[in-house]
Amino acid sequence: ILALDDLDSLIKDYPKILRKYHKLWLESTEELEFILNQEFYNRSSIALEKIKENIKLFVPFENIEYINKKLEEDSFLFILGNAGSGKTFLAEYLAFYYFIDDYELHYLTDRNLNSALRLIQKGKKQVFILDDFLGANFLNSENIISVSKDLKTLLDIAKRSENNLKLIFTSRDYILSQFLNQLDEHILKSNISNSFISTDIKNPKFRANLLYNYLENFQIDESIKKEFAESEIFFDIIKHPNFNPRLLKNIFSELNEKKGDIKTFFIYRLNNPNLFFQATFLRLSKEAQTLIYAICLEENYICSEDLREEFNNLYSKLNNTIPSPFFFDNAVDELEPNFIISKNNAGDIWFRIENGSIRDFILKSIQKTTPLLIAIIETVQFFEFCIEVFDLHENDNRAIKTTKEQQQILIEKSIKLLENPIYDLRQ
């Protein structure tokens, strides 16, 4: 004889049955919550599989015990570092150990803190990774109030959760620094300032362990491992100024297809991190490809405000859809630091292509692809972009050759932009 409690217990033990017969869960808050937020659960499920693969390559930082203790005591942690420095690796490592302790794991990359607020359930053990939560761009005054409000709410909930909720944020250090400088909320500023740690990839011991770990866990031919050991390049790699986990991972992924001796292969790629670009360009996301096209229109640095506007217009034209607000930041994350670089100046973030050879490759691609060239000309937004790379008359010698009709469009656009009083004021 099965009573009501027995049936409820059986339903919990067989979730597939529960989801198959909707009348069983129609009034269930927990199941409705899953259905309404299925996108986030699916995303986190995919992320968990990636984390399980990445965890094999993770090497603990020297202060890992302190980091673990800080997250345990504070219930939230801010991990800071440059692009490619292992911030996300560390966040995944910390979250995974809460996951195996029966915490529900959520991995959010949409930079919408309200998404996390929607998913939190009181009394339930949950761990959240909020990766690059401020984006790769400087926050403007319009959304800083909203972000600070949601962030304060999240931290307050975590503090009162009796250790059931863990929040792991990652951000570039200069972005978080600017965010703190604009904050008027003293308590929130204090909470963040007391709960962040920085990834240190300069430590020789960490570098040596990481290199050894990659050598052991990547599927590398035994003959190559033997050659690596005999080449005595270990110290050359760990002392190299371009050493970072992301670049090292790229190099190891190509190790089985190397040509020539292993020492030349490693050092040449460390000296020229952009070499991966031509091989990987077609595998980049649409967002990253669009950003590369836009950033190559200017040889020098471009401020994030102008670049974002150029990116949004070009993306809409190429894909016939309005880009999501976080597509730009996603593209920056994908491309930095191996393909583009950034600096903080005059209250904004400025970007430029990492290497001239990448720019040459992209400009030649634009020249060869007429529909792409037309789309770029039709969506160009700034005077410099009109005159920097395009031929504007028959005796011109710019990187991209244009027809007379295209030249006319560019000339008319450049004149209009120069006559715009707002543009003059900005200049």
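Source: prediction; values computed, not measured. Sequence positions are assigned chain by chain, starting from 1 and proceeding in written order. Totals for whole chains, interfaces and linings use every residue, but because this is a predicted model, local features are given only for residues with pLDDT of at least 70 and side-chain atom pairs only at 80 or more, for both listing and counting. Computation of side-chain values: all heavy atoms of the structure, hydrogens and water removed.

1. A look at the overall build of the protein
Counting from the N terminus, the helices are the DSSP runs of H or I reaching at least four residues and the strands are the DSSP runs of E reaching at least two. Per the secondary structure count, the protein includes 24 helices and eight strands. Between buried and exposed lies partly exposed: a residue is buried under 20% and exposed over 50% of the maximum accessible area for its type, with that area taken using a 1.4 Å probe on protein chains only. When burial is assessed residue by residue, the protein has 49% of its 427 residues classed as buried. Here the contacts in the protein between residues at least 6 apart in sequence split such that 71% fall between residues at least 24 apart. Reported accessibility uses the Shrake-Rupley method at a 1.4 Å probe radius. Residues are deemed covered only where the shown protein chains occlude them. A total of about 22600 Å² of accessible surface is found on the protein, and carbon and sulfur atoms cover 51% of it. When checking whether two residues touch, look at their non-hydrogen atoms; a contact exists if any pair is within 4.5 Å.

2. Regarding the pattern of salt bridges
One speaks of a salt bridge when a side-chain nitrogen belonging to Lys or Arg is within 4 Å of a carboxyl oxygen belonging to Asp or Glu. Going through the model one piece at a time under the given rule, you end up with 12 salt bridges. Across the pair Lys258 and Glu227 runs a salt bridge, and its minimum N-O distance is 3.2 Å. Highlighted residues: Lys258 in the loop between α14 (245-253) and α15 (262-271) and Glu227 in helix α12 (residues 222-231), separated in sequence by 31 residues.

3. Describing the sheet that holds strand β4 (residues 165-171)
The strand order β2-β3-β4-β1-β5 describes an open sheet built from five strands, whose pairing is parallel. Whereas interior strands pair on both sides, the edge strands pair on one side only; in this sheet they are β2 (104-108) and β5 (196-198). Shown here is a sheet whose adjacent strand axes are inclined to one another by a mean of 15 degrees, direction ignored. Structural elements are reduced to axes, namely lines fitted to C-alpha atoms, with helices fitted over the stretch in contact, and the angle between N-to-C directions of any two is expressed from 0 to 180 degrees. Those strands touched by helix α5 (residues 64-74) are β1 (76-80), β4 and β5, and its axis lies near 140 degrees from that of β1. A pair of strands is considered paired only if DSSP assigns at least 2 bridges between the two.

4. What to know about a negative patch on the surface
Residues qualify for a patch when their relative accessible area is over 30% and they have no salt bridge, like charges being joined within 9 Å and the nonpolar side chains of Val, Leu, Ile, Met, Phe, Trp and Tyr within 5 Å. Only four residue types enter the tally: Lys and Arg on the positive side, Asp and Glu on the negative side; His and the chain ends are excluded. Where a charge sits is defined by one atom per residue type, namely NZ (Lys), CZ (Arg), CG (Asp) or CD (Glu). Judged by side-chain charge, Glu72, Glu73, Asp101 and Asp102 come together as a negatively charged surface patch. Here Glu73 shows up in helix α5. Judged by relative accessible area, Glu73 falls into the exposed class, the value being 55%.

5. Looking at helix α11 (residues 204-217)
A helix's residues, less one, multiplied by 1.5 Å, set its expected span. Helix length check: α11, at 14 residues, gives a terminal C-alpha distance of 20 Å against a target of 20 Å (1.5 Å per residue), a fit within 8%. By the burial criterion, the buried members of α11 are Phe206, Arg207, Ala208, Leu210, Leu211, Asn213, Tyr214 and Leu215. Structurally, α11 contributes buried residues whose contacts are with α6 (87-99), α12, α13 (234-238) and α14. Pairs of N or O atoms within 3.5 Å make up the polar contacts considered here, provided that, within protein, one atom can donate a hydrogen while the other can accept it, and that residues adjacent in sequence are counted only when both atoms are side-chain atoms. For α11, the N-terminal capping position is held by Asn203, with its side-chain oxygen 2.8 Å away from the main-chain nitrogen of Lys205.

6. Details of α15
When we look at burial in α15, the residues that qualify are Ile262, Phe265, Phe266, Arg269 and Leu270. Projected onto a plane normal to the axis of α15, the buried residues spread over an arc of 115 degrees and lie on a single side. To be clear, the arc concerns the directions from the helix axis to the C-beta atoms.

7. Some words on the sheet that holds strand β8 (residues 348-353)
The sheet built from three strands is open, its strands ordered β6-β8-β7 with antiparallel pairing. Each edge of the open sheet is held by one strand with a lone partner, namely β6 (302-303) and β7 (340-345). Bridge count between β7 and β8: six bridges; the pairing is antiparallel. Residue pairing for β8: Lys343 is matched across the bridge by Trp350. Lying on the sheet, helix α17 (residues 286-295) is in contact with β6, β7 and β8; it crosses β8 at an angle near 85 degrees.

8. Points about the pairing of β2
In terms of residue burial, β2 counts as a mostly covered element, since five of its five residues are buried. Side chains Glu104, His106 and Leu108 project from β2 onto one buried face, and the interleaved Leu105 and Tyr107 project onto a second face that is buried too. Pairing between β2 and strand β3 (residues 126-130): five bridges, direction parallel. In the strand pairing of β3, Tyr107 is matched with Ile129.

9. A look at the nonpolar core
One recurring pattern in soluble globular proteins: nonpolar side chains tend to sit buried together. Only buried Ala, Val, Leu, Ile, Met, Phe, Trp, Tyr and Cys residues count toward a nonpolar core, and they belong to the same one when joined by side-chain atoms within 4.5 Å. With 74 residues, the main nonpolar core has Leu151, Leu167, Phe169 and Ile192 as its most contacted residues. For Phe169, the residues in contact, after removing those within four places along its chain, are Phe76, Leu77, Phe78, Ile79, Leu113, Leu130, Phe133, Leu151, Leu154 and Leu155. Formed by 51 residues, the second largest nonpolar core is a distinct cluster that contains Leu71, Phe206, Ala208 and Leu215.

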